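What follows is the residue order along each chain.
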Amino acid sequence: MALTAAGALAAGMALFMTAPAAAGTTLGASAAEKGRYFGTAVAGFKLSDSAYTTILNREFNMVTAENEMKMNATEPQQGQFSYGAADQIVNHARSRGMSVRGHTLAWHSQQPGWMESMSGSALRSAMLNHVTQVATHFRGQVVAWDVVNEAFADGSSGARRDSNLQRTGNDWIEAAFRAARAADPGAKLCYNDYNTDNWTHAKTQGVYNMVRDFKQRGVPIDCVGFQAHFNNDSPYVSNFRTTLSSFAALGVDVQITELDIQGASANTYRSVVEDCLAVARCNGITVWGIRDSDSWRASQTPLLFNNNGSKKPAYDAVLAALNNGTTPTDPPTDPPTDPPTDPPTTPPPGPGGCTATVSVNQWTGGFVANVRVTAGSSALNGWTVTIALPSGATVTNAWSANRSGNTGTTNWTNVAYNGQVGAGQFTEWGFQANGTAGSLTPTCSAR
Ligand code: XIL
């Protein structure tokens, strides 16, 4: 008895003594510690597969509908909107604290038949009505929209792709963005494309020039999505990091939106995660499916989980990279020649609290507040933010935080996936309100 108790005590002590600084054990938790999300595409019909939902609910904190929000799914007949399948995915995600990326409002592909055969001003108005209706339906429920998908041509031209939408006039993309902003001022509005990873490619430069032009002219664009479908024909290249940072320098967030890698090389997955973590405005990664068998390119076995749901080496590499514990693949270099330094004379930092800052996007009659919670010298295991709203301001919706109070003094706490924030790291959430923000001065405390 005594021996057993002593052994248990020793084991407990050892566990306590060696407990690492917060390192997440799931993709979503680890990404949240770095102020990012980790998402997956979800196919609505798989939500009845418990092996699938077990992994989904455990690992991810962002969801993209794989097909259910596309134009052919949401407006199968002109003027008749159909949201059942998409709503099911949104409800599954949001009721479990996951956020949702909307995909996609306008695209040359997966159009309903009636739209495929339209052209000119009739098509332009039908497209804008679609953007308005769908963004309005999901208003407050999606954190970001791929407003326009895949509008640039492959190859060396760097030009727009020919399509029925492009033929309505070159301004169709900015018109779609303006309609989306008007319908859902709280959602981040993204342009999304593939084969835009290689900084030297004409297509990448074409999209870059469009985004720079949009920012200069005040077209409402907040983010650029990089699909990142890597395979033997379109391999990952190490200048992807330059691409991400160059776009971010234009003043947009960047996101990896549909990641899959033929063969699922652990090293390549690790590089992609490290590239995102190296760019402050790269705020999330989404893989395009959960198990290899869920992939649109299943024969390439490009995902993080085997068909039976077990974790592949690429999963371990991604988790380690998110936790910043990169596993070296090269032999270790020579031992350091410097003598060991003296033990620190200052005591280790104690609980470091947190700070909150807010950035406000105000329009006549309403505003969106994006709030950043930054951990102090210690990791956070939960946070509370208090914000006093001026009279007349009323919160209408919020994302990535739990709220008490809509007016006056409002209190906000972390949701399941963003309470753990590493020392010096941050996480972001926000809300939309009627009225005028004035100058908001949030206060933050650790829980
Ligand atoms: C794919 C889906 O995964 C498939 O199920 C569907 O048959 C075709 O579309 N770029 C995109 C995604 O933006 O919407 C595509 O998804 C993959 C390529």
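Refer to the structure presented above.
So, how was this worked out
- Residues numbered from 1 in each chain as written.
- Predicted model: local features only at pLDDT ≥ 70, side-chain atom pairs only at ≥ 80, totals over all residues.
- Heavy atoms only, no water.
- Disulfide = S-S within 2.5 Å.
- Buried < 20%, exposed > 50% of the residue type's maximum accessible area, 1.4 Å probe, protein only.
- 1 Å grid on protein atoms, 1.4 Å probe; cavity = no way out; pocket = protein on both sides within 12 Å on 5 of 7 lines; lining within 4 Å.
- Points joined across faces, edges and corners; volume = space filled by probe spheres on them.
- Helix = DSSP H or I, 4+ residues; strand = E, 2+ residues; numbered from the N terminus.
- Nonpolar A, V, L, I, M, F, W, Y, C, P; charged D, E, K, R; others polar.
- Near = heavy atom within 4 Å.
- Polar contact = N/O pair within 3.5 Å; in protein donor to acceptor, adjacent residues only side chain to side chain.
- Areas by Shrake-Rupley, 256 points an atom, 1.4 Å probe, with all protein chains shown as cover.
- Sits in = over half its atoms within 2 Å of the grid points.
- Axes fitted to C-alpha atoms, helices over the stretch in contact; angles between N-to-C directions.
- Parallel < 35°, antiparallel > 145°, perpendicular 65-115°, else oblique.
- Left-handed = near helix turned anticlockwise from the far one by under 90°.
- Contact = heavy atoms within 4.5 Å.

Evaluation of the coordinates by the stated rule reveals 3 disulfides. Two residues share a disulfide in this structure: C276 and C282, whose sulfurs sit 2.1 Å from each other. The chirality of the disulfide connecting C276 with C282 is left-handed, given an S-S dihedral of about -100 degrees. In this structure C276 comes out as buried when scored by relative accessible area, which is 0%. For C282, a relative accessible area of 0% gives the class buried. For the chain, the bonded cysteines connect in the pattern 1-2, 3-4, 5-6 when numbered consecutively along the sequence.

In this structure, the largest pocket occupies an estimated 1,000 Å³ of space. In terms of lining residues, the largest pocket is bounded by 46 residues, among which K188, D253, N283, N370 and E428 are the most central. Considering each element in turn, the lining of the largest pocket owes the most residues, 5 residues, to strand β10 (residues 354-363). For the lining of the largest pocket, a count of residues per class yields 22 nonpolar, 14 polar and 10 charged. For the second largest pocket, the calculated volume is near 310 Å³.

The next subject is the site of the ligand. As a matter of local geometry, the ligand sits amid 13 residues, with E66, K70, H103, E258 and W288 nearest to it. Residue Q110 places a side-chain N or O atom 3.2 Å away from an oxygen atom belonging to the ligand. When the ligand sits alone it has 410 Å² of accessible area, and the protein chains cover 78% of it. Judged by its atoms lying within 2 Å of the grid points, the ligand is housed in the second largest pocket. Split into classes, the residues belonging to the shell around the ligand amount to 3 nonpolar, 6 polar and 4 charged.

Here we come to the packing of helix α9 (residues 202-217) against helix α10 (residues 240-248). Where α9 contacts α10, the two axes come as close as 10 Å, and the packing angle between them is 15 degrees. By the angle between their axes, α9 is roughly parallel relative to α10. Of the two possible hands of crossing, α9 and α10 adopt the one that is right-handed. Along its contact with α9, which presents T204, V207, Y208 and V211, the element α10 presents T243, S246 and F247. Its residues assigned to classes, the contact of α9 with α10 comprises 4 nonpolar, 3 polar and no charged.

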